[in-house]
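Okay, here's what each chain looks like letter by letter:
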Amino acid sequence: MAETASYLAAKEDVHRVCLLYSGGLDTSVMLKWIQDEYEAEVVALTINLGQPGEDYDVVKGKAIQLGAVAAEVIDAREEFAHDFIKPAIKANAVYGLSYPLFTALGRPLIAKLAVDYARSSGCDTIAHGCTGKGNDQVRIEATIATLAPELKVIAPVRSWKMGREEEIAYAREHGIPVKGGTEVAPYSIDDNLWGRSSEGRWIEELDHPPEDDVFQLVTRPEEAPDEPQVVTVGFEHGVPVSLDGDRLGLVELLERVASIGARHGVGIVDHIEDRIVGLKVRDIYEVPAASILLPAHAELEKLVGTIHQNQFKPALDQKWAYLVYAGLWWEPLRSDLDAYMDAVNGQVTGTIGIKLYKGSATVVTRESPNAVYDAQLATFSESGGLFSQEASPGFIELWSLQSRMAWRVRSREADE
């Protein structure tokens, strides 16, 4: 059967494969399956984007045990924070009103690193564990096809027709350890510095409220502390640089904000999402860092921007988020938009205070040397200065002129 895309690998052309390897059931089965199905060598690549609780020595050892001729773990947290999360903060990046793009931001970086490693280790093919129903296949394969048209792609989960039970049987047959046992199908989890998602099981039932065992990162709001906590986030040129007055590197700041937010139940999102492949799905997100830093940044940006900037930029933010969600990180328009984001954020310096309480994150204080705000002008207690209240009637007359004329014309037509 002919392949449907030029970058897909023909079986006879696959000799050495770079497998994006997590250590979970899918990619562990995949590691062995590729060796048998393609009679190819496999090198395993694992990317650390800040997934909590991972023992990467164990992951690497498991890959070698299953027959990988080489295994590599790359700590990409700094690159992820600075080159992907930072521009997302500047763009107030949210898709579908509530998804802060943490998986969408990670996939182009993972694919880029896979390209680099595949080239350096003599691979002709890259393999990933994405399904045919998700967005991640788009993000990863679009990146590979863009950056390395000489490399081919295989996606076994799309073609091998194995469900979970068949994968477990295959694992048992080939001596592949199954993490967490097999009694209950696990949630499908993805996580990094910017958030965590859960899919599968009851989440697919729209009338089923969240069960407590899904929340492995954020405290349930009902169990959060009874006393609120106010945290202050300092920004320089749109980038968070301090927390409660302590200057921190970006990775440490993200981790600390996430920890504080999670303790207060902040960042739980029960979300219906329109995927690029046409499906409408439900996801449970835990995004404590994003749920604090994005509103803080947006509030500071609003404080320093003019009314015209504040009305215009949200449309560009939405477009930026859509491009990233849709797997088009390498689209020139995205980098074009970044130039505007950087220009606007040149003034976004200051401090925002946010009160955290049982699942809510509310901006309560604002301060910036660049604020387009003057307390003496805003006060109701006195007049004068740069703002003359006596000038208001003339402004109102001119401001409403066309609206009043149009109203009279339409009223006359209605009477005739």
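Here the structure is a predicted model, which means the values were calculated and not measured.

Chemist: Any details on the packing of helix H3 (residues 77-90) against helix H8 (residues 250-263)? Residues and values, ideally.
Modeler: Two numbers describe how H3 lies on H8: the axes approach to 9 Å, and their chain directions differ by 80°. In terms of orientation, H3 lies roughly perpendicular with respect to H8. Contacts between H3 and H8 pair Arg77, Glu78, Ala81, His82, Ile85 and Lys86 from the former with Leu250, Val251, Leu254 and Glu255 from the latter. A breakdown of the residues in the contact of H3 with H8 according to their chemical character gives five nonpolar, one polar and four charged.

Chemist: Tell me about the environment of Asp191, and please be specific about residues and values.
Modeler: Relative to the helices and strands, Asp191 is located in strand S6 (residues 188-192). Put simply, Asp191 and Glu165 are 26 residues apart on the chain and 24 Å apart in space, counted from C-alpha to C-alpha. If near-sequence neighbours (up to four positions away) are discounted, Asp191 is found in contact with Gln51, Pro52 and Arg196.

Chemist: A description of the packing of aromatic side chains should follow, citing residues and the corresponding values.
Modeler: In the structure shown here, the tally under the stated rule is 13 aromatic pairs. Seen from their ring centres, Trp33 and Tyr38 are 6.0 Å apart, and the 75° between their planes marks the pair as edge-to-face. Considering the side-chain rings of Tyr99 and Tyr325, the 6.0 Å spacing of their centres and the 85° angle between planes classify their relative orientation as edge-to-face. Taken together, the residues Tyr99 in the loop between H3 and helix H4 (102-120) and Tyr325 in helix H10 (residues 307-325) connect sequence positions 226 residues apart. Take Tyr325: its relative accessible area is 0%, and that puts it in the buried class. Each residue in the set Tyr95, Tyr99, Phe102, Tyr285 and Tyr325 is aromatic and connected to the rest through ring pairs, giving one cluster. Positioned over the ring face of Tyr187 is Arg201, at 4.2 Å from the centre of the ring. Note that Arg334 overlies the ring of Trp329, its terminal NZ or CZ placed 3.7 Å from the centroid.

Chemist: Help me get a handle on a negative patch on the surface, residues and values and all.
Modeler: Among the surface-exposed residues, Glu204, Glu205, Asp207 and Glu211 lie close enough to one another that they form a single negatively charged patch. Looking at the secondary structure, you find Glu205 in the loop between strand S7 (195-199) and strand S8 (229-236).

Chemist: Give a detailed account of the pattern of salt bridges, specifying residues and quantitative values.
Modeler: Taken as a whole, this structure holds 32 salt bridges when the rule is applied. Notably, a salt bridge pairs Glu223 with Arg220, separated by 3.0 Å at the nearest N-O pair. Residues Arg334 and Asp338 are paired through a salt bridge, measuring 2.4 Å at the closest nitrogen-oxygen approach. One end of the pair is Arg334 and the other is Asp338, both in helix H11 (residues 332-345) and four residues apart, which spans about a single turn. Look at the salt bridges and you will find they share partners, linking Arg107, Asp136, Arg139 and Asp190 into a network.

Chemist: Describe the pairing of strand S9 (residues 239-243), naming the residues involved and giving the relevant values.
Modeler: For S9, a buried count of five out of five residues is recorded, marking the element as mostly surrounded by other parts of the structure. As paired elements, S8 and S9 share four bridges and run antiparallel to each other. Following the sheet pairing, Phe235 is matched in S9 by Pro240. In this structure, the hairpin formed by S8 and S9 is closed by a connection of two residues, where His237 is found at a positive phi of approximately 50°. Both S9 and strand S10 (residues 246-247) contribute to a ladder of two bridges, which runs antiparallel. Its bridge partner lying in S10, Leu243 is registered against Asp246. Linking S9 to S10, which pair antiparallel, is a turn of two residues; within it Asp244 sits at a positive phi near 50°.

Chemist: Any details on helix H14 (residues 401-415)? Residues and values, ideally.
Modeler: For H14, spanning 15 residues, the distance from its first C-alpha to its last is 21 Å, which sits close to the expected 21 Å at 1.5 Å a residue. With respect to burial, H14 is a largely exposed element, only zero of its 15 residues being buried.

Chemist: Any details on H10? Residues and values, ideally.
Modeler: Relative to the 27 Å expected for 19 residues at 1.5 Å per residue, H10 spans 28 Å between its end C-alpha atoms, a close match to the ideal helical length. Roughly 25° is the biggest bend found in H10, and it falls at Lys313, with proline Pro314 one to four residues downstream. Within H10, burial applies to Lys313, Leu316, Asp317, Trp320, Ala321, Leu323, Val324 and Tyr325. Against the buried residues of H10 lie H3, H4, helix H5 (136-147), strand S11 (268-274), helix H9 (288-304) and H11. Looking one or two places after H10, you find Gly327, whose phi comes out positive at around 80°.

Chemist: Before we move on, could you go through the nonpolar core and cite the residues and values that matter?
Modeler: Residues Leu101, Leu105, Trp194 and Trp320 are the most contacted members of the largest nonpolar core, which totals 78 residues. A per-element tally of this core places H4 first, with eleven residues. If we ignore the near neighbours within four places in the chain, the residues touching Leu105 are Phe80, Phe84, Ala88, Pro100, Trp194, Trp320, Val324 and Trp329. In this structure, Ala9, Val14, Val29 and Ala63 belong to the second largest nonpolar core, which totals 29 residues.

Chemist: Explain the sheet that holds strand S13 (residues 350-357) residue by residue, including any values.
Modeler: One open sheet holds the five strands; their spatial order is S10-S9-S8-S13-S14, and the pairing between them is antiparallel. Of all strands in the sheet, those with a lone pairing partner are S10 and strand S14 (360-367), marking the two edges. Of the strands in this sheet, S8, S9, S10 and S13 touch H8, which is tilted by about 65° from S9.

Conventions we followed
- Residues numbered from 1 in each chain as written.
- Predicted model: local features only at pLDDT ≥ 70, side-chain atom pairs only at ≥ 80, totals over all residues.
- Heavy atoms only, no water.
- Axes fitted to C-alpha atoms, helices over the stretch in contact; angles between N-to-C directions.
- Helix = DSSP H or I, 4+ residues; strand = E, 2+ residues; numbered from the N terminus.
- Parallel < 35°, antiparallel > 145°, perpendicular 65-115°, else oblique.
- Contact = heavy atoms within 4.5 Å.
- Nonpolar A, V, L, I, M, F, W, Y, C, P; charged D, E, K, R; others polar.
- Phe/Tyr/Trp six-rings, centres within 6.5 Å; stacked < 30°, edge-to-face > 60°.
- Buried < 20%, exposed > 50% of the residue type's maximum accessible area, 1.4 Å probe, protein only.
- Lys NZ or Arg CZ within 6 Å of the ring centre and 35° of its normal.
- Patch = residues over 30% accessible without salt bridge, like charges linked within 9 Å, V, L, I, M, F, W, Y side chains within 5 Å.
- Areas by Shrake-Rupley, 256 points an atom, 1.4 Å probe, with all protein chains shown as cover.
- Salt bridge = Lys/Arg side-chain N within 4 Å of Asp/Glu carboxyl O.
- Lys, Arg positive; Asp, Glu negative; His and termini not counted.
- Charge placed at Lys NZ, Arg CZ, Asp CG, Glu CD.
- Pairing = 2+ DSSP bridges.
- Expected span 1.5 Å × (residues − 1).
- Bend = angle between axes of the 7 residues up to and from the residue.
- Core = buried A, V, L, I, M, F, W, Y, C linked by side-chain atoms within 4.5 Å.

Purely spatial values, then, with no claim about function.
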